[in-house]
Amino acid sequence: MKKFEEIREQFKLKINNVNNHQSLKELKVEFFGKKGLITGLMSEMKNIEDKKSYGQAINDLKCELMAQYNIVEQEINEVLLNEQLKKDAIDVTLPGRKNKPAKQNILLKTAREIEMIFIEMGYEIAIGPEVETDFYNFEALNLDKNHPARDMQDTFYINEHLLLRTHTSGIQSRTLQANANKDLKIICPGKVYRRDDDDATHSHQFMQIEGLVVINKKQNISASMRELKTTLSIFANKIFAGEDLEVRFRQSFFPFTEPSVEVDITCSRCKGSGCNFCKQTGFIEVLGAGVIHKNVLKIAGYDEDEYVGFAFGIGVERIALLKHNIDDIRHLYINDERFNKQF
Ligand code: FA5
């Protein structure tokens, strides 16, 4: 019983000096731990005759001291909580931070500018799904299942028949089929996807704006190579107004146009002398175009001998890069405020 009293006194003395979690923890180990003073009382059990009363006494002492311990622990927690609350207090009378209105991303801004140029020329807007069928993305465009040109536009397949569209030309095939034997003058903006390796001028996801004009040959206007070249020259002059950039038409191949061309613009970084950005060519390709292949008109239900048309697909990112002298396509997507606020 003397030993019990000593422990009780010792505990009282120590707990009065506890004022933080660390000393509380040390006290707990010293008295209640595996090798603590209270546990130590148990080792005397073997020398005690009335083991039951002795055990009961240890338990009572433990409960008594534990109750005091819990009170002190609660007090310390309260003090700490109050300190934390004081530290975290918000002065609601301070004036709030102003929200800065976000600027429109330069990519979308460029897309809207391109659209406006064509809308002013009388084009209407058509849209289509980003998850496209193999038929509209390829087959209706004269690219049957095993056509080698499909390799140039490998993409992400949802299943055998559905894929992420590789170009906006799928909207062209849809609109032609829905309006067979009617005149058409549309642009089709949208996102497209390809299994391309990302670099300064390529992305696996990018934007295109498709253009399509179809006219009945009986009319006194046409929509063939000459009109295509004129249209694209007007577009290039408007979008790059004030810039000293050359427009170059280069012979090319697309299964859905015949003849086909690609249009390049002088590299805005080296002004044509050749650099890493333009892969030393002095030019950046911005679009593909051509006179609509007769098979495409036929598949869509048009009388291919009665109608003629041209189509083009503009890479929106490439226009933005050239127009604003941006050195990497990836800047357009990473949403860095320092980049965005320059435009
Ligand atoms: C096409 O996609 C054709 N559908 C264009 C077309 C439409 C031709 C109608 C004839 C008639 P092409 O794969 O070349 O063509 O892509 C067109 C433009 O998209 C390119 O000139 C380029 O500006 C842009 N482009 C192509 N691949 C990428 C890419 N990985 N990242 C960014 N822009 C790209």
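That block above? That's the structure.
Below or above, wherever it landed, is the structure these notes cover. (Residues numbered from 1 in each chain as written. Predicted model: local features only at pLDDT ≥ 70, side-chain atom pairs only at ≥ 80, totals over all residues. Heavy atoms only, no water.)

Look at helix 2 (residues 21-32) against helix 4 (residues 51-88): their axes get within 11 Å of each other, and the N-to-C directions meet at 170°. In terms of their interaxial angle, helix 2 and helix 4 are classed as roughly antiparallel. Within the contact between the two elements, helix 2 uses His-21, Leu-24, Leu-27, Lys-28 and Phe-32 and helix 4 uses Lys-62, Leu-65, Met-66, Tyr-69, Val-72, Glu-73, Ile-76, Asn-77 and Leu-80. Grouping the constituent residues of the contact of helix 2 with helix 4 by class yields nine nonpolar, two polar and three charged. (Axes fitted to C-alpha atoms, helices over the stretch in contact; angles between N-to-C directions. Helix = DSSP H or I, 4+ residues; strand = E, 2+ residues; numbered from the N terminus. Parallel < 35°, antiparallel > 145°, perpendicular 65-115°, else oblique. Contact = heavy atoms within 4.5 Å. Nonpolar A, V, L, I, M, F, W, Y, C, P; charged D, E, K, R; others polar.)

We now examine the nonpolar core. Core analysis: the largest hydrophobic core is formed by 44 residues, its most contacted members being Ile-114, Phe-118, Phe-235, Leu-287 and Phe-312. Contributing elements (two or more residues each) for this core: helix 5 (106-120), strand 5 (205-216), helix 8 (225-239), strand 7 (257-266), strand 8 (283-292), strand 9 (307-315) and helix 10 (316-323). Not counting residues up to four positions away in its chain, the partners in contact with Phe-118 are Tyr-123, Ile-187, Thr-231, Phe-235, Phe-312 and Ile-314. (Core = buried A, V, L, I, M, F, W, Y, C linked by side-chain atoms within 4.5 Å. Buried < 20%, exposed > 50% of the residue type's maximum accessible area, 1.4 Å probe, protein only.)

To continue, consider the packing of helix 5 against helix 8. Between helix 5 and helix 8, the least distance of the axes is 10 Å, while the angle of their chain directions is 130°. Taken as axis vectors, helix 5 and helix 8 run oblique relative to one another. In this structure, helix 5 crosses over helix 8, and the sense of that crossing is right-handed. Residue-level inspection shows Glu-113, Ile-114, Ile-117, Phe-118 and Glu-120 of helix 5 in contact with helix 8, the latter providing Thr-231, Phe-235, Lys-238 and Ile-239. Residue composition of the contact of helix 5 with helix 8, by class: five nonpolar, one polar and three charged. (Left-handed = near helix turned anticlockwise from the far one by under 90°.)

This brings us to unusual backbone geometry. The peptide bond linking Glu-258 to Pro-259 adopts the cis configuration, its omega dihedral lying at 0°. Mapped onto the secondary structure, Pro-259 falls in strand 7. Unlike most non-glycine residues, Asn-181 shows phi in positive territory, near 65°. Positive phi outside glycine occurs at Lys-271, with the angle close to 55°.

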